[in-house]
There are 2 protein chains.
Amino acid sequence: MDPSQVKIPPMKDLTVDNITENVIRINSLCQDARLKYILERLVTHLHDFARETRLSTAEWMAGLQFLTEVGQICSDVRQEFILLSDILGLSILVDSMDHPKPPNSTEGTVLGPFHAHNPPNLEQGETISHDEQGEPLLVLCTLRDTQGKPIANAKIDIWETDSTGHYDVQYADRGLDGRCIMRSASDGTFWFKAIMPVSYPIPHDGPVGKLLQRVGRHPALYIRNDPYETSDAVFGVKDSLVVDISRADAEIAKKYNVPEGHAALKYDFVLISDQETKSLREKKAVEALDKLGRKVKIVNGLPVPDLD
Amino acid sequence: MDPSQVKIPPMKDLTVDNITENVIRINSLCQDARLKYILERLVTHLHDFARETRLSTAEWMAGLQFLTEVGQICSDVRQEFILLSDILGLSILVDSMDHPKPPNSTEGTVLGPFHAHNPPNLEQGETISHDEQGEPLLVLCTLRDTQGKPIANAKIDIWETDSTGHYDVQYADRGLDGRCIMRSASDGTFWFKAIMPVSYPIPHDGPVGKLLQRVGRHPALYIRNDPYETSDAVFGVKDSLVVDISRADAEIAKKYNVPEGHAALKYDFVLISDQETKSLREKKAVEALDKLGRKVKIVNGLPVPDLD
């Protein structure tokens, strides 16, 4: 950068008390109003965190070393920063704000670190898991909008662990299994064969697992009636998403070609549209920030300070 | 972990409004009072940051991806997380709190990302830089305590860039140069030959450099009378640490075996002891947290909530 172009207000002799305003002032060069707002709040909270804990140099270094390890263990099939965000409750918080749901629709939860981008496309009724140790499970679903209209040809991304509680991508030497992309039928239904879900740990052999251990938390996610059900490591449990497993009666058995008494999971999803989400998200953002005493306007769907 | 050992209070149906208290409750299992306090403040500020910005899923993912890149570019000779902390003003803030200085002592500044752990041990008067393009500089220093007593045999860690503003470790194919460890003499003096400092950029070919560019900031550090002097990218400039370069007079020239008029830098350091630092640090921590309305006690030199 040409030094004659330096238009930064002078700053020198920064102290515990004036550093924050100076960093915010230098960042105010940013032309992107949203990024500027995000950085202003980030720097404020980061500094307040350090001031309120009187963070020591040794702790600061341990924190940076921890973050470095979190970054370095990431790979194409492992995202440890998502995991860290999950166990700190940030993921579910962001999801709640970005994907608000009206009472008549199905709640969302966290994506988690095991989503893959290249699962096979399967047809209705196909088998997604080939783990012979798992108990076979018939899954029967419907997909409707908030007016009760079937949603046809929706892209549905499905993934589950094997019977030992591990995802395919956690094995170095195996291909994809237990996951697929499926399209809903014209009446909004979709169904497939899977295995009974089991409780499973988040990957706890990395820095996030070590942190949980130091804090005294366990790495397990919920299953129904499981001792871990109400203490999900990633805070994703919602009552409405905990399901009962039923058994196939004669009619179901015949229709889906499974033995009577075969385990079956039924779920009716009610989805809201992008437009409904967008309206609700903006309405809730303005309301929440108004409560916090922050005057904002919505630009490109996201709040920035309203300076007018 | 044996599920019967799960002693976590139940939590379900977490919302934007109750997630923070629930994460803090689950982390309160932590037996280490200091870590528990740090996590409580971290989670509070992280969540408040997300709530006040209504952080979107796309922004959250971009942030995690950025942190992943910061971690992945780190190596034995590059610490991008320190750099990120530097440009956000966190490093100078933590240093100010951890190494408070009374008015009669030399101020500190940020370590920066270019410190190396294995520089050569050099004797007094030796040359630390072998860059023939640099203007030779004689450096004459003294080291005293706050009572004015010379500090003998102190380990002094010295490093500077070459004449193009790059540190040795930034070259893939060169050995260490421009750095050394030296011991002060019995009268507290130390001196060596170096080259004139030049302004230089922090490494800006990685994610932190990209962030600075998006914000409209420059990556340069200060030199005296430099256009960048008052807008140091890492907020490290302190008036008392900005020095004038003098010229060797006949006496200096003779004593140190340099030509008359040779560039010379003189600096008298006044250092405080570990014990002085510790007392001042604890006193300031209690005062600052009292001002913030936080009742704390000092355990192992660091504050934790005083719950008694």
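- Looking at an unreviewed UniProt entry, one finds chain A named Intradiol ring-cleavage dioxygenases domain-containing protein, with Monascus purpureus as its source organism.
- According to its UniProt record, chain A has this under Sequence similarities (unreviewed entry): "Belongs to the intradiol ring-cleavage dioxygenase family."
- For chain A, the Cofactor (unreviewed entry) comment in UniProt is given as "Fe(3+)".

## Observations regarding the UniProt feature "domain: Catechol dioxygenase N-terminal" (unreviewed entry) in chain A
Okay, step 1: Feature annotation in UniProt places "domain: Catechol dioxygenase N-terminal" (unreviewed entry) on residues 32-104 of chain A, given in this structure's numbering.
Okay, step 2: Between the first and last C-alpha atoms of residues 32-104 of chain A the distance is 37 Å; the span itself is 74% helix and 0% strand.

## Some thoughts on the interface of chain A and chain B
Okay, step 1: The interface is formed by 90 residues belonging to chain A together with 90 residues belonging to chain B.
Okay, step 2: Across the contact surface, chain A and chain B share 8 salt bridges.

## With respect to the UniProt feature "domain: Intradiol ring-cleavage dioxygenases" (unreviewed entry) in chain A
Okay, step 1: UniProt records the feature "domain: Intradiol ring-cleavage dioxygenases" (unreviewed entry) at residues 112-218 of chain A, using the numbering of this structure.
Okay, step 2: For residues 112-218 of chain A, the end-to-end C-alpha separation is 16 Å, with 8% helix and 25% strand making up the annotated structure.

## Some words on the environment of T146 of chain B
Residues and elements named next belong to chain B.
Okay, step 1: Relative to the helices and strands, T146 resides in the loop between β1 (136-145) and β2 (155-159).
Okay, step 2: Residue class for T146 comes out buried when judged on its relative accessible area of 18%.
Okay, step 3: C-alpha of T146 to C-alpha of I245: the two residues are 99 residues apart in sequence and 25 Å apart in space.
Okay, step 4: The residues touching T146, leaving out its near neighbours within four places in the chain, are N104, S105, V270, L271, I272 and E276.

## Comments concerning the sheet that holds strand β5 (residues 246-247) of chain B
All names here are of chain B.
Okay, step 1: Strand order in this open sheet of 4 strands is β4-β1-β6-β5, and the pairing throughout is mixed. Of all strands in the sheet, those with a lone pairing partner are β4 (189-195) and β5, marking the two edges.
Okay, step 2: Judged from the 9 bridges that link them, β1 and strand β6 (residues 263-271) form a sheet pairing that is parallel. Residue pairing across strands places T142 opposite D268, the latter belonging to β6.

## Remarks on the relation of the copies chain A and chain B
Okay, step 1: Relative to chain B, chain A is turned by 180° and slid 0.0 Å along the rotation axis, the superposed coordinates differing by an RMSD of 0.1 Å. Taken together, the rotation angle and the small translation identify this as a two-fold axis. Proximity to the rotation axis, assessed at the C-alpha, singles out G71 of chain A in chain A; its C-alpha lies 2.1 Å from the axis.
Okay, step 2: Residue by residue, 100% of the interface of chain A is reproduced at the interface of chain B, so both copies engage with the same surface.

## Digging into the pattern of salt bridges
Okay, step 1: By the definition in use, this model includes 26 salt bridges over all chains.
Okay, step 2: Two residues, R41 of chain B and E52 of chain A, come together in a salt bridge whose shortest N-O distance is 2.8 Å. One end of the pair, R41 of chain B, is in helix α2 (residues 33-53); the other, E52 of chain A, is in helix α2 (residues 33-53), on a second chain. The same class applies to R41 of chain B as to E52 of chain A, namely buried.
Okay, step 3: With its nearest N and O atoms 2.7 Å apart, the salt bridge here joins E59 of chain A to R34 of chain B. With E59 of chain A in helix α3 (residues 57-72) and R34 of chain B in helix α2, this pair bridges two chains.
Okay, step 4: When its relative accessible area of 18% is taken as the criterion, E59 of chain A is described as buried.
Okay, step 5: One salt-bridge network, in which partners are shared between bridges, spans E40, R41 and R294 of chain A together with E52 of chain B.

Rules used in this analysis
- Residues numbered from 1 in each chain as written.
- Chains lettered and ligands numbered in written order.
- Predicted model: local features only at pLDDT ≥ 70, side-chain atom pairs only at ≥ 80, totals over all residues.
- Heavy atoms only, no water.
- UniProt positions renumbered as here; feature names shortened; annotations may be inferred.
- Helix = DSSP H or I, 4+ residues; strand = E, 2+ residues; numbered from the N terminus.
- Contact = heavy atoms within 4.5 Å.
- Salt bridge = Lys/Arg side-chain N within 4 Å of Asp/Glu carboxyl O.
- Buried < 20%, exposed > 50% of the residue type's maximum accessible area, 1.4 Å probe, protein only.
- Pairing = 2+ DSSP bridges.
- Least-squares fit on C-alpha atoms with pLDDT ≥ 70 in both.

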